[in-house]
Each structure stands twice: as C-alpha cells, then as structure tokens.
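Listed here are the chains, written in short residue letters.
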Amino acid sequence: TAESIAKFHLGFAPDKFDWLLSRAKGTPFTPAVLERIGLVLKRDNGPGYFDRFRGRVMFSIRDIERRPIAMGGRILPEFAKENTAKYINSPETPLFSKSYQLYGLDAARDAITKQRIAVVVEGYTDCIMAHQEEQANVVAVLGTALGERNVTLLKRLADSIVLVLDGDEAGQRRTNEGLELFIAQQVELRILTLPENLDPCDF
C-alpha cells in the first residue's frame, strides 16, 4: 500500500550505471563518499565509478534510532540477467554491519517494547506485509541467519522471540541451526511454523 511504501521508505533504482552518480553531482556526496557507504563501485577496467544498485526495488535499512545506514535491492524481473543476484545489500561499512542490525527494527521498536515479544522473519517483504496486516512487532534478518548480536539486541527490548522461517526445507534447516544460539543466550524462544513452501508474505 502507499502507507507501507512511505513507512518503509521504499524506492527504485533505474537500470542505469550512472543514475545515482549523476544525481550526486554538485552535492557533498562525491563518488568517494558514495563508495565508502557502499552505493557505488570503482571500475576495474579504467577510471571512474558505477552505481551498485541498478534495476531494483530499494529497501532502506535503518538503525534503531531510525537513521538510514544501508540499502537493500531486489532485482525486477525485466532487468534480471542469467547471473543476476535476486537480492543484494550494501556491503559492511563504518555505518552498517548486518550482524548488528535487523530490518524494520526502527518501525517495530515501539511495538516490541510494549508487547515484550519480537517476531523475526527472513525477508524484507515478509516484514513489510506483517506490518501492513497490523503485526507491528515484526523484524527481518539481513541476508544471514539470526546471529548472537541480533539476539543480544532483541533481548534489550523483548522477553520472548518468535522465529518465523519459511516453510521450505531450507527454512526448517535454519530453524534447527538457530536453536543452540538461543539456548546459549538464555532467551525464551518460540518457533512458528508455516504450511509447507509458504513464506510469511504469501501466508
């Protein structure tokens, strides 16, 4: 919905190698600055830079204080080539470490603190659709399994963590891999299983 697009600061990167670079001309955001925060890359075969995100729906990754610190991008089908990654995230930068961050925590923080329950899903759209369906205490991992630092962060806000992974075999395997982590962290864990092959967004 339009409300979700605004709430989660969704955007679009055109399928051009210099769209962001050309927009940044004449601003303090030089190519070197854009490279440092992971939005452009240096060319291997000559001088200059090119945009990292092209032909993608863009997801703004924000810290718990609601400051933008990174981007994620999902390729649109019409721009996908044979070896194109479906999703890419900003690389690790001085602002962004995916093991410390969770997608949507800026939007979910107040609900998690109030309910003392955090629900963790796997994908950007899983998180956004949950919020759209008024489940405001939902966050998503950033391209990796839930890690020790993620759990430590959530423990500051919640007494219980509910893990909702995809219903496919890979999702079930990740659930099993995460159990030991929660035992070590001494946090109440609940696992919500979905019907086979459904992800939270579809469900």
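Every value quoted in this text rests on a predicted model; they were computed, and no experiment measured them. (Residues numbered from 1 in each chain as written. Predicted model: local features only at pLDDT ≥ 70, side-chain atom pairs only at ≥ 80, totals over all residues. Heavy atoms only, no water.)

Peer 1: Outline the packing of aromatic side chains, supporting the account with residue identities and numerical values.
Peer 2: One pair of aromatic rings is described through two measures. These are the centre distance and the angle between the planes. In total, this model carries 6 aromatic pairs according to the counting rule given. Judged by centre distance (4.5 Å) and plane angle (15°), the rings of Phe 59 and Tyr 124 are stacked. Highlighted residues: Phe 59 in strand E4 (residues 56–62) and Tyr 124 in helix H5 (residues 124–132), separated in sequence by 65 residues. Looking at Tyr 124, the relative accessible area reads 6%, which means it is buried. Here the aromatic rings of Tyr 87 and Tyr 124 are separated by 5.8 Å at their centres, their planes lie at 55°, and the arrangement is tilted. Separated by 37 residues along the polypeptide, Tyr 87 in strand E6 (residues 87–89) and Tyr 124 in helix H5 bring together distant segments of the chain. These aromatic residues form a ring-pair network of at least three members: Phe 8, Phe 59, Tyr 87, Tyr 103 and Tyr 124. (Phe/Tyr/Trp six-rings, centres within 6.5 Å; stacked < 30°, edge-to-face > 60°. Helix = DSSP H or I, 4+ residues; strand = E, 2+ residues; numbered from the N terminus. Buried < 20%, exposed > 50% of the residue type's maximum accessible area, 1.4 Å probe, protein only.)

Peer 1: Quick one: what's the story with the sheet that holds strand E9 (residues 160–163), residue by residue and with numbers?
Peer 2: Ordered by their spatial adjacency, 4 strands build an open sheet running E8-E7-E9-E10, and the pairing between neighbours is parallel. Every interior strand has two partners, whereas the edge strands, strand E8 (138–140) and strand E10 (188–191), have only one. Ignoring strand direction, the axes of neighbouring strands in this sheet form an average angle of 30°. Relative to E9, strand E7 (residues 117–121) runs parallel, the two being bridged by 4 bridges. Pairing of Ile 117 across the sheet is with Ser 160, part of E9. (Pairing = 2+ DSSP bridges. Axes fitted to C-alpha atoms, helices over the stretch in contact; angles between N-to-C directions.)

Peer 1: Hey, could you go over the state of the cysteines for me, with residue numbers and the actual values?
Peer 2: As enumerated under the stated definition, the model contains 0 disulfides in all. No disulfide involves Cys 127; its sulfur sits 11 Å from the nearest other cysteine sulfur, which is in Cys 201. (Disulfide = S-S within 2.5 Å.)

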